Amino acid sequence: VLRVLQEIAEENTKVLKTLPDPLFVYCLKHMNDIHLDYHRDFLRMNCQIPCQFKSVRKSFIYFENSEEVKKGKGIITDISGGGVAIKSAKKLSKESYIAMNFALTRDFVLKDIKAQVVNVDERGADNMIYHISFIGVSDRLLEKIISHVETMFYMRKVKNKVESVR
């Protein structure tokens, strides 16, 4: 496994400076962009995460005092710092607003995340893909989401590399 990690590090980073023993501290520089699609602002990772959402009026996004319009469940099929794609049978319209709940880990649960449907991809009567953009996510929460996605992406990359060596 160490050899595989070294190969990945060699592919993606360059050692800029090494501090003397016994610290073993390396200053590294990423040699390539970690974003898979240069048209996107954030790394996007495929996933299968259950979620609940409620369609809300626009006033909820700004004042948090709007009643729910309708509730739904779905599966987040990909996630990034900018938003998610949700597969669901529940009907939502483009540009509608939702508040969503989902868990990235047992300890990292996101509740009432405000978002907007930016695109709807129909794949059959009960099979819709909604492309959702987060709205008003705090910088701190955004950093945590991005960090989680990047960590999971690289863990998968290491796992795939290890399995290919076997």
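Residues numbered from 1 in each chain as written. Predicted model: local features only at pLDDT ≥ 70, side-chain atom pairs only at ≥ 80, totals over all residues. Heavy atoms only, no water.

Participant: Just to check I follow, could you spell out the overall build of the protein chain for this structure?
Facilitator: When its secondary structure is counted, the protein chain shows three helices and eight strands. For the protein chain, the N- to C-terminal ordering of α and β elements is α-β-β-β-α-β-β-β-β-β-α. Across the 166 residues in the protein chain, those meeting the buried criterion constitute 33%. About 11000 Å² of surface is accessible on the protein chain, with carbon and sulfur atoms providing 51% of the total. (Helix = DSSP H or I, 4+ residues; strand = E, 2+ residues; numbered from the N terminus. Buried < 20%, exposed > 50% of the residue type's maximum accessible area, 1.4 Å probe, protein only. Areas by Shrake-Rupley, 256 points an atom, 1.4 Å probe, with all protein chains shown as cover.)

Participant: Would you mind showing me how to read the environment of Leu92 here?
Facilitator: If you trace the backbone, Leu92 turns up in the loop between β5 (83-88) and β6 (97-103). By relative accessible area, Leu92 is classed as buried at 9%. Along the backbone, Leu92 and Lys70 are 22 residues apart, and their C-alpha atoms lie at a distance of 9.3 Å. Ignoring anything within four residues of it in the chain, the contact list for Leu92 reads Phe53, Ser55, Lys70, Ile98, Val117, Val120 and Tyr130. (Contact = heavy atoms within 4.5 Å.)

Participant: What exactly am I supposed to notice about the pairing of β5 here?
Facilitator: Of all six residues making up β5, five are buried, and the element is well covered by its neighbours. Sheet topology note: the β5/strand β8 (residues 128-134) ladder contains six bridges and is antiparallel. Within the sheet, the bridge partner assigned to Ala85 lies in β8 and is His131. (Pairing = 2+ DSSP bridges.)

Participant: Sorry, what's going on with the nonpolar core here?
Facilitator: Nonpolar side chains in soluble globular proteins tend to end up buried together. Counting 27 residues, the largest nonpolar core has Ile76, Ile79, Ile86, Met100, Phe102 and Ile132 as its most contacted members. For this core, the secondary structure elements donating two or more residues are β3 (45-56), β4 (68-79), β5, β6, β7 (109-122), β8 and α3 (139-165). Looking at this core element by element, the count peaks at five residues for β3. Leave out the neighbours within four places in its chain, and Ile76 touches Cys47, Gln48, Ile49, Cys51, Val84, Ala85, Ile86, Met100 and Phe102. (Core = buried A, V, L, I, M, F, W, Y, C linked by side-chain atoms within 4.5 Å.)

Participant: How do you make sense of the environment of Lys144 when you look at a structure like this?
Facilitator: Structurally, the position occupied by Lys144 is in helix α3. Residue Lys144 is classed as partly exposed on the basis of its relative accessible area, which comes to 41%.

Participant: How do you make sense of the pattern of salt bridges when you look at a structure like this?
Facilitator: Two side chains carrying opposite charge are able to pair once their charged atoms lie near each other. Applying the stated rule across the entire model yields two salt bridges. Here Asp112 and Lys54 are joined by a salt bridge, their closest N and O atoms 3.5 Å apart. Of this pair, Asp112 sits in strand β7 while Lys54 is found in strand β3, placing the two residues 58 residues apart along the sequence. (Salt bridge = Lys/Arg side-chain N within 4 Å of Asp/Glu carboxyl O.)

Participant: Any chance you could explain unusual backbone geometry here in plain terms?
Facilitator: The phi angle of most residues is negative, glycine excepted, and most peptide bonds adopt the trans form. In this structure, Glu95 takes a positive phi of about 75° despite not being glycine. Among the structural elements, Glu95 can be located in the loop between β5 and β6. In this structure, Asp112 takes a positive phi of about 50° despite not being glycine.

Participant: Explain the environment of Ile146 to me, please; I cannot follow it from the model alone.
Facilitator: Within the secondary structure, Ile146 is located in helix α3. Along the sequence, Ile146 and Arg44 sit 102 residues apart, while their C-alpha atoms lie 9.2 Å from each other. The residues touching Ile146, leaving out its near neighbours within four places in the chain, are Phe42 and Gly81.

Participant: Mind showing me how you'd approach the state of the cysteines here?
Facilitator: Where two cysteines share a covalent bond between their sulfur atoms, that bond is called a disulfide. Tallied over the full model, the rule gives zero disulfides. Here Cys47 stays unpaired: no disulfide links it, and the sulfur of Cys51, its closest cysteine neighbor, is 9.5 Å away. (Disulfide = S-S within 2.5 Å.)

Participant: In this structure, what is going on with the confidence of the model for the protein chain? I would like to understand it.
Facilitator: Reading fine detail from the predicted coordinates is not recommended where pLDDT is low. Summarising the model, the protein chain shows a mean pLDDT of 78, and 69% of its residues fall at 70 or more. Below a pLDDT of 50 lies the segment residues 23-28, which in the model reaches 15 contacts outside its immediate sequence neighbourhood of four places, other chains included. This model gives residues 30-39 a pLDDT under 50, and the stretch forms 16 contacts once residues within four places in sequence are excluded. (pLDDT = per-residue confidence, 0-100.)

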